[in-house]
Structure formats: C-alpha cells, structure tokens
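Tertiary structure, described
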Amino acid sequence: IEEKCVLRWIAHKNKMEEVQKKYFGRVLIINYEELCNNVEQEIRKINAFLELEENLPKPNIKKESLDKWKENLNDTQITTINNTLQKYDLQNFVK
C-alpha cells in the first residue's frame with residue numbers, strides 16, 4: 001500500500017506542476033512544510049500573488065502536524081516509501 005500511496009502522490013505532484021506550467025502566473029503552489037516553517041514569508045508570497053489590498057491574517061498552524069507521520073509509519077514502511085521515491089529520481093521526503 002505504501003508504494004501505491006507514493007505513486008498517487010507523485011501523480012498529484014506532477015499534475016500540479018503541469019497545471020502551474022499551463023497557467024503560468026495564475027497558479028501558486030504552496031508547500032505545506034514551507035508554510036509551517038516559514039509562515040510569514042509564505043503568507044507574504046500569497047498576498048503578493050493575489051495582489052490583496054489587505055494582508056491575510058497569520059494562520060494558526062500547528063507545527064507538530066509535520067511529524068505526525070512518525071507516529072504512524074514503521075521503519076519498513078519508510079524504507080518502502082523512500083525506495084519507491086528513488087525509483088523516480090526523487091529525493092527522500094520521508095526521513
């Protein structure tokens with residue numbers, strides 16, 4: 001099931017990149033990890049992209065959600081995920 005999930009994630013990632021290229025300048029992809037780790041910078045990026053007159057409020061993001069997977073995946077599952085990512089020349093996203 002882990003490999004299937006990775007393949008689905010890759011397909012969605014590729015589709016987002018395709019849409020971003022097709023509608024250049026009209027699509028902004030926000031990485032959740034970047035949003036969690038650099039909230040103010042990412043909000044500024046969104047504000048600029050949307051050309052808002054008033055800035056968006058700073059969201060209440062719980063950084064602990066970034067590591068929630070560590071409670072749910074075992075070492076074998078993580079290895080399977082990383083091996084699948086490597087087959088597609090993607091870096092290890094799960095460390």
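Refer to the preceding data block for the structure.
Parameters and conventions
- Residues numbered from 1 in each chain as written.
- Predicted model: local features only at pLDDT ≥ 70, side-chain atom pairs only at ≥ 80, totals over all residues.
- Heavy atoms only, no water.
- Axes fitted to C-alpha atoms, helices over the stretch in contact; angles between N-to-C directions.
- Helix = DSSP H or I, 4+ residues; strand = E, 2+ residues; numbered from the N terminus.
- Parallel < 35°, antiparallel > 145°, perpendicular 65-115°, else oblique.
- Left-handed = near helix turned anticlockwise from the far one by under 90°.
- Contact = heavy atoms within 4.5 Å.
- Nonpolar A, V, L, I, M, F, W, Y, C, P; charged D, E, K, R; others polar.
- Buried < 20%, exposed > 50% of the residue type's maximum accessible area, 1.4 Å probe, protein only.
- Expected span 1.5 Å × (residues − 1).
- Arc of directions from axis to C-beta.

When two helices pack together, their arrangement is given by the angle between their axes and by how far apart the axes lie. Where helix α1 (residues 2-22) meets helix α5 (residues 75-87), the axes come as close as 9 Å, and the angle between the chain directions of the two elements is 40°. When the axes of α1 and α5 are compared, the pair comes out oblique. Note that α1 runs across α5; the crossing there is right-handed. Packed against α1, whose contacting residues are Glu2, Glu3, Val6, Leu7, Trp9 and Ile10, the element α5 presents Gln77, Thr80, Ile81, Thr84, Leu85 and Lys87 at the interface. Classifying every residue of the contact of α1 with α5 gives 6 nonpolar, 3 polar and 3 charged.

On to the environment of Lys62. In this fold, Lys62 is placed in the loop between α3 (39-50) and α4 (69-72). Accessibility expressed as a relative area gives 53% for Lys62, which makes it exposed. For the pair Lys62 and Phe24, spaced 38 residues apart in the sequence, the C-alpha separation amounts to 31 Å.

For Cys5, the position within the fold is in helix α1. Under the relative-accessibility criterion, Cys5 is labelled partly exposed at 48%.

Counted at 1.5 Å a residue, the expected span for α5 with its 13 residues is 18 Å, and the 18 Å between its end C-alpha atoms agrees. Residues of α5 that are buried: Gln77, Ile78, Ile81, Asn82, Thr84 and Leu85. Projected down its long axis, α5 shows its buried positions confined to an angular sector of 160°, all on one face. Projecting away from the buried face of α5 at angles above 90 degrees are the exposed residues Asp75, Thr76 and Lys87. Of the surrounding elements, those touching the buried residues of α5 are α1 and α4. Positive phi shows up at Asp89, right after α5, with a value of about 55°.

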